[in-house]
Amino acid sequence: MNTNHTKITFPHNAGFSSLQKRNTVLITDENIYALHSKKFKNYQTIVLKAGEQYKIQPTVDNIIEQLIDSGANKTTTLIGVGGGVVTDITGYVASIYMRGINFGFVPTTLLALVDASIGGKNGIDVGPYKNMIGTINQPEFILHDYSFLTTLPKVEWQNGFAEIIKHACIKDASMFNELQSHSVAYYQKKKQLLYVLIEKNAILKTTIVAKDVNENGERKLLNFGHTLGHALENQYCLSHGHAISIGMSFACELSEKIWGFKQTNSVIGLLQQYELPTRMSFDKEKVFNVLKMDKKSEINAIKYILLKKIGKGIITEIDLREIENFLASY
Ligand code: ADP
Ligand code: ZN
């Protein structure tokens, strides 16, 4: 299915209860299930253990066994109700079960609403390598039901804002300005503004993906902060938002060196304003070794995402040795 056809239903149209019950299997995690158990009543539901450490093959095998046991077939629709981990696994299982069945998402974290549920990338981790195995396959639908956000823990708000700030940095200077005049607490209070912000970000990502589903060009911009971020994330047990926030700060400094980027302080200031870390000490050699295995790397070079200015990301091929040296002096 083509990305252009993935329909995002915003909540003023329909809520969770509009999902069909017959021939539908919901997949969620234990936290969401416990906090929103009423919503799952009368749906066949597979409940996973929560957390990125379970985004692995044994979880996939377990889901497949449950689907076989319950008689799920080609006409079954799988619906992932959760954050990025749940939507990634659901999309992956649906893509391989009986060579592919229909699937949809109800993203329940800010991060999944603005980023992870969109774009059709799904898959699992292998050791320290994030998303090493997977497919690109678009969901039939994405349904936004913001009532899930009422129970979202603080760190998950920070994770979501890291991706929102990423979008602003690579594509939308006016959104960057808007974010500068607010805070996490402000958006939590001003719900309508939050919903507008979510929809704006969902559309921004959908538009980029629609132009470049297979990530040959423009879509790579969405990896801003993610090359170093991914290398740090699993090795140091950081949350995704924290890891990419440090990755974005690093990429800003690299942008200064390569493109004469002059707004590093503004980006770092905004990340801090949204309660995100911008620097940490780490084992440079160990991190470099994971970073160079990043799936975005060519043989001796990496396509690094840098900024020319706020709102204008640029794909830049950088020699691995140059990155290694810059990392060593960082
Ligand atoms: P993401 O990849 O979107 O950050 P995850 O799937 O890793 O999301 O979920 C992050 C954590 O937040 C998990 O522990 C999950 O159980 C929890 N979670 C997801 N949605 C909600 C929600 N609406 N309320 C409370 N906790 C949630
Ligand atoms: Zn991300």
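This text follows the structure it describes.
Residues numbered from 1 in each chain as written. Chains lettered and ligands numbered in written order. Predicted model: local features only at pLDDT ≥ 70, side-chain atom pairs only at ≥ 80, totals over all residues. Heavy atoms only, no water.

Caption draft 1: Up close: the overall build of the protein. Per the secondary structure count, the protein includes 14 helices and 10 strands. Compactness check: the protein gives a C-alpha radius of gyration of 19 Å against a globular reference of 20 Å for 330 residues, within 12% of the reference. Seen through its principal axes, the protein has C-alpha atoms that stretch 55 × 45 × 35 Å. Counting over 330 residues, the protein shows a buried share of 54%. The contacts in the protein between residues at least 6 apart in sequence include a share of 71% that link residues at least 24 apart. Working note: accessible area of the protein is about 14,100 Å², and carbon and sulfur atoms make up 50% of it. (Helix = DSSP H or I, 4+ residues; strand = E, 2+ residues; numbered from the N terminus. Rg over C-alpha atoms; globule rule 2.2 N^0.38 Å. Buried < 20%, exposed > 50% of the residue type's maximum accessible area, 1.4 Å probe, protein only. Contact = heavy atoms within 4.5 Å. Areas by Shrake-Rupley, 256 points an atom, 1.4 Å probe, with all protein chains shown as cover.)

Caption draft 2: View of a nonpolar patch on the surface. A cluster of nonpolar side chains, V126, M132, I133 and M293, forms an exposed patch at the surface whose accessible area comes to about 310 Å². Inspection of the secondary structure puts I133 in strand β7 (residues 129-136). (Patch = residues over 30% accessible without salt bridge, like charges linked within 9 Å, V, L, I, M, F, W, Y side chains within 5 Å. Salt bridge = Lys/Arg side-chain N within 4 Å of Asp/Glu carboxyl O.)

Caption draft 3: Structural detail: the coordination of the zinc ion (ligand 2). The protein atoms donating to the zinc ion (ligand 2) are E163 (OE), H226 (NE2) and H240 (NE2), with metal-donor distances spanning 1.9 to 2.1 Å. The sequence motif formed by the donor residues of the zinc ion (ligand 2) is E-x62-H-x13-H. With a gap of 63 residues between them, E163 in helix α6 (residues 154-171) and H226 in helix α10 (residues 226-235) connect regions that are remote in the sequence. Look at E163 and you get buried, because its relative accessible area is 0%. (Donors = N, O, S within 2.8 Å, 3.2 Å for Na, K, Ca; no water.)

Caption draft 4: Structural view of the packing of aromatic side chains. Counted under the stated rule, the structure contains 13 aromatic pairs. A ring pair is formed by Y186 and Y187, whose centres lie 5.8 Å apart and whose planes are at 85°; its orientation type is edge-to-face. Overall, the relative accessible area of 0% leaves Y187 in the buried class. Members of the aromatic cluster, joined through ring pairs, are F16, Y33, F40, Y43 and F148. Just above the ring of F148 sits the side chain of K39; from NZ or CZ to the centre is 4.4 Å. (Phe/Tyr/Trp six-rings, centres within 6.5 Å; stacked < 30°, edge-to-face > 60°. Lys NZ or Arg CZ within 6 Å of the ring centre and 35° of its normal.)

Caption draft 5: Looking closely at the nonpolar core. F161, L179 and Y304 are the most contacted members of the largest nonpolar core, which has 63 residues in total. Looking at which element gives the most residues to this core, the answer is α6, with eight residues. L179 has contacts with F161, I164, I165, A168, Y187, L197, L270, Q273 and Y274, leaving out every residue within four places of it along the chain. Judged by nonpolar contacts, the second largest core, of 24 residues, contains I27, L67, F105 and I142. (Core = buried A, V, L, I, M, F, W, Y, C linked by side-chain atoms within 4.5 Å.)

Caption draft 6: Molecular detail of the pairing of strand β4 (residues 77-82). In terms of burial, β4 is largely enclosed, as six of its six residues are buried. Side chains T77, I79 and V81 of β4 all project onto a buried face; the interleaved residues L78, G80 and G82 project onto the opposite face, where all are buried too. Two elements, strand β2 (residues 24-29) and β4, share four bridges in a ladder whose sense is parallel. Bridging from a neighbouring strand, T24 pairs with T77 of β4. (Pairing = 2+ DSSP bridges.)

Caption draft 7: Quick look at the sheet that holds strand β3 (residues 44-48). Read across the open sheet, the six strands follow the order β1-β8-β5-β4-β2-β3; overall the sheet is parallel. The strands lining the two open edges of the sheet, one partner per strand, are β1 (7-9) and β3. Each strand axis lies, on average, 20° off the axis of its neighbour in the sheet, ignoring direction. The sheet contact formed by β2 and β3 spans five bridges and is parallel. By the bridge assignment, L26 is partnered in β3 with T45. Docked against the sheet, helix α3 (residues 57-69) engages β2, β3 and β4, running at close to 160° with respect to β3. (Axes fitted to C-alpha atoms, helices over the stretch in contact; angles between N-to-C directions.)

Caption draft 8: Representation of the site of ligand 1 in the model. For ligand 1, the set of nearby residues contains 17 residues, the closest of which are D29, G84, T108, T109 and T151. Protein chains shield 88% of the accessible area of ligand 1, which is 560 Å² for the free molecule. Sorting the residues of the shell around ligand 1 by element identifies α1 (30-35), α4 (84-96) and α5 (110-116) as the ones contributing at least two each. In terms of residue count, α1 provides more of the shell around ligand 1 than any other element does, three residues in total. Within the shell around ligand 1, the residues separate by chemical class into nine nonpolar, six polar and two charged. (Near = heavy atom within 4 Å. Nonpolar A, V, L, I, M, F, W, Y, C, P; charged D, E, K, R; others polar.)

Caption draft 9: Examining the pattern of salt bridges more closely. Tallied over the full model, the rule gives 15 salt bridges. Salt-bridge contacts for K205 lead to D115; the nearest nitrogen and oxygen are separated by 2.6 Å. Note that K205 is positioned in helix α9 (residues 191-211) and D115 in helix α5, a separation of 90 residues in sequence. Of the two residues, K205 and D115, both sit in the buried class. Notably, a salt bridge pairs D319 with R321, separated by 3.5 Å at the nearest N-O pair.

Caption draft 10: Representation of the environment of D212. Structurally, D212 can be placed in the loop between α9 and α10. As a C-alpha pair, D212 and D125 span 87 residues in sequence and 23 Å in three-dimensional space. If we ignore the near neighbours within four places in the chain, the residues touching D212 are G217, E218, R219 and K220. Within the structure, D212 has its side chain in polar contact with the backbone nitrogen of E218 (distance 3.2 Å). (Polar contact = N/O pair within 3.5 Å; in protein donor to acceptor, adjacent residues only side chain to side chain.)

Honestly, it's all geometry; don't read function into it.
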